[in-house]
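# A structural walkthrough
One-letter residues, chain by chain:
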Amino acid sequence: MEGTKGILAIETSGRHGSVAILSVSSGGVRSVSQIALSGDERTAQALAPAIQSLLRKSDWAPRNVRLVAVALGPGSFTGLRIGVTTAKAFAYATEAEIVGVNTLEVLATQTGLIDASVWAILDAQRQELFAAKFRASQHVEPRIERQTSIIAREAWLEALRPGDHVIGPPLQQLSEELPAGVQMVSQSAWQPMAHAVGRLAWQKYCNDQRDDVWQLVPQYFRASAAEEKNPV
């Protein structure tokens, strides 16, 4: 990505979202600015103006963005669709490259832990969780120990082992049920954020991952309610 000046990162997988821009230099990647989006703002009508405001505040032109990073899921059907569509449209319009990342892997990078076993979770409704297990290390991609899947809350609690670390919004309801020896990451890191999406996407880009702007799609990990009621 010769001549790179920056990364635009989009995270809209949950009830709240965020957008961020990051700069790349010989010293690595750093966050320039980030805007948090409320549930009302995480819409197709609001996301593009938020990105425009972010770029303007940082005195960036759209063409300064040479890599677009976006959370692909799991998460909200509507939020993921809006985020991925916006990312693809921006990348196409500016001729930037694009990399999609797993939302749970984003959470694993936010732990700040070194060589630690981490469970990342998101609410999948119906007393279920989206969950994945990683070996987290600073400055490198988390190593996947258990792939993203949907698991009942009780089954997930039974799968935890002493020494595991856990992160994710559902801990607000599950914190008192965690087995002894399981450690919660600081609550300030439970929500996936755009700056972490950008950092993870950059790591993947440096490891030669590229996504096709025409082929990139959200990763829902489950059928929608309408599809479940009316299977093909």
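As shown above, the structure is provided for reference.
Here we summarise the structure given alongside this text.

## A word on the side chain of N102
The residue N102 is located in strand β5 (residues 97-102) in this model. Classification of N102 as buried rests on a relative accessible area of 13%.

## Here's the deal with the pairing of strand β4 (residues 67-73)
Within a regular strand, side chains alternate between the sheet's two faces. Burial within β4 is extensive, with seven of its seven residues counted as buried. With six bridges connecting them, β4 and β5 associate as parallel partners. Looking at β5, one finds that A69 is bridged to V99. Assessed by its sense of winding, the connection that carries the chain from β4 through helix α2 (residues 77-94) to β5 is right-handed.

## Notes on the nonpolar core
Counting residues in each nonpolar core, the largest one holds 30 residues, and the members touching the most others are L104, W156, L160, V166, I167 and L178. Elements supplying a minimum of two residues to this core: α3 (103-109), β6 (116-123), β7 (128-136), α4 (153-159), β9 (165-167) and α5 (171-174). Beyond its immediate chain neighbours, meaning those up to four positions away, L178 contacts W156, L157, L160, V166, L171 and M184. Membership of the second largest hydrophobic core comes to 25 residues, among which are L37, L72, A87 and A96.

## Some words on the pattern of salt bridges
In the structure shown here, the tally under the stated rule is nine salt bridges. Note that K204 is salt-bridged to E105, the shortest N-O span being 3.2 Å. Taken as a pair, K204 in helix α6 (residues 194-206) and E105 in helix α3 lie far apart in primary sequence, 99 residues in all. One exposure class covers both K204 and E105, and it is buried. Here R153 makes a salt bridge to D123, at a shortest N to O gap of 3.7 Å. Taken together, the residues span a long stretch of sequence, with R153 in helix α4 and D123 in strand β6 at a distance of 30 residues. In this structure R153 comes out as buried when scored by relative accessible area, which is 13%. Each of E105, E141 and K204 takes part in salt bridges that share partners, so that together they form one network.

## Notes on the pairing of β6
Burial analysis of β6 places seven of its eight residues in the buried class, the great majority of the element. Following β6, the chain reverses through four residues before pairing antiparallel with β7; Q125 in that reversal takes a positive phi of roughly 65 degrees. Inspection of the sheet shows β6 paired to β9 by three bridges, in the parallel sense. Pairing of W119 across the sheet is with V166, part of β9.

## Section: the sheet that holds β6
Pairing within the open sheet is mixed, and its five strands lie in the order β8-β7-β6-β9-β10. Looking at the sheet topology across the chains shown, the edges are occupied by β8 (143-152) and β10 (183-184). Pairing geometry for β9 and β10, over two bridges, is parallel. Paired with H165 across the bridge in β10 is Q183.

## Some points on the sheet that holds strand β3 (residues 28-37)
If you walk across this open sheet you meet the five strands as β3-β2-β1-β4-β5, and the pairing is mixed. Unpaired on one side and paired on the other, β3 and β5 mark the two borders of the sheet. Put simply, the sheet's adjacent strands are angled 20 degrees from each other on average, direction ignored. Bridging between strand β2 (residues 17-25) and β3 involves nine bridges; their strand directions are antiparallel. Among the inter-strand pairings, S18 is bridged to a residue of β3, identified as A36. The strands that helix α1 (residues 44-57) touches are β1 (7-11), β2 and β3; relative to β3, the one it contacts most, it runs at about 135 degrees.

## Thoughts on the environment of R153
Residues R153 and Q125, 28 residues apart in the sequence, show an inter-C-alpha distance of 9.9 Å. Once you skip the residues sitting within four places of it in the chain, R153 turns out to touch D123, Q127, E128, L129, Q173 and L174.

## Some thoughts on α1
An ideal rise of 1.5 Å per residue puts 20 Å on 14 residues; α1 measures up with 21 Å between its terminal C-alpha atoms. Burial in α1 covers these residues: L47, A50, I51, L54 and L55. Down the axis of α1, the smallest arc covering the buried residues is 130 degrees, so these residues share one side. Of the residues in α1, the exposed ones pointing more than 90 degrees away from the buried face are Q45, Q52, R56 and K57. Of the surrounding secondary structure, the elements contacted by the buried residues of α1 are β1, β2, β3 and α2. Positive phi shows up at D59, right after α1, with a value of about 60 degrees.

Thresholds, definitions, all that
- Counting from 1, residues in each chain are numbered in the order their sequence is written.
- pLDDT decides what is reported in this predicted model: residues at 70 or higher carry local features, side-chain atom pairs at 80 or more are listed and counted, and totals for whole chains, interfaces and linings draw on all residues regardless.
- The side-chain quantities take in all heavy atoms of the structure and omit both hydrogens and water.
- Strands are runs of DSSP state E lasting at least two residues, helices are runs of H or I lasting at least four, and both sets are numbered from the N terminus onward.
- Partly exposed describes any residue whose relative accessible area lies between the buried limit of under 20% and the exposed limit of over 50%, with all areas from a 1.4 Å probe on protein chains only and scaled to the type maximum.
- Paired strands are those between which DSSP finds at least two bridges.
- When the strands point away from the viewer, a crossover counts as right-handed if the path from the first strand over the helix to the second runs clockwise.
- Take the buried Ala, Val, Leu, Ile, Met, Phe, Trp, Tyr and Cys residues and link them wherever side-chain atoms come within 4.5 Å; each set so joined is a nonpolar core.
- Only heavy atoms matter for contacts: two residues are in contact if any of them lie within 4.5 Å across the pair.
- By convention in these notes, a salt bridge is any Lys or Arg side-chain nitrogen within 4 Å of a carboxyl oxygen on Asp or Glu.
- Axes here mean lines fitted to C-alpha atoms, for a helix over just the part in contact, with angles spanning 0 to 180 degrees between N-to-C directions.
- Expected helix span is computed as 1.5 Å times (number of residues minus one).
- Arc definition: directions from the helix axis to the C-beta atoms.

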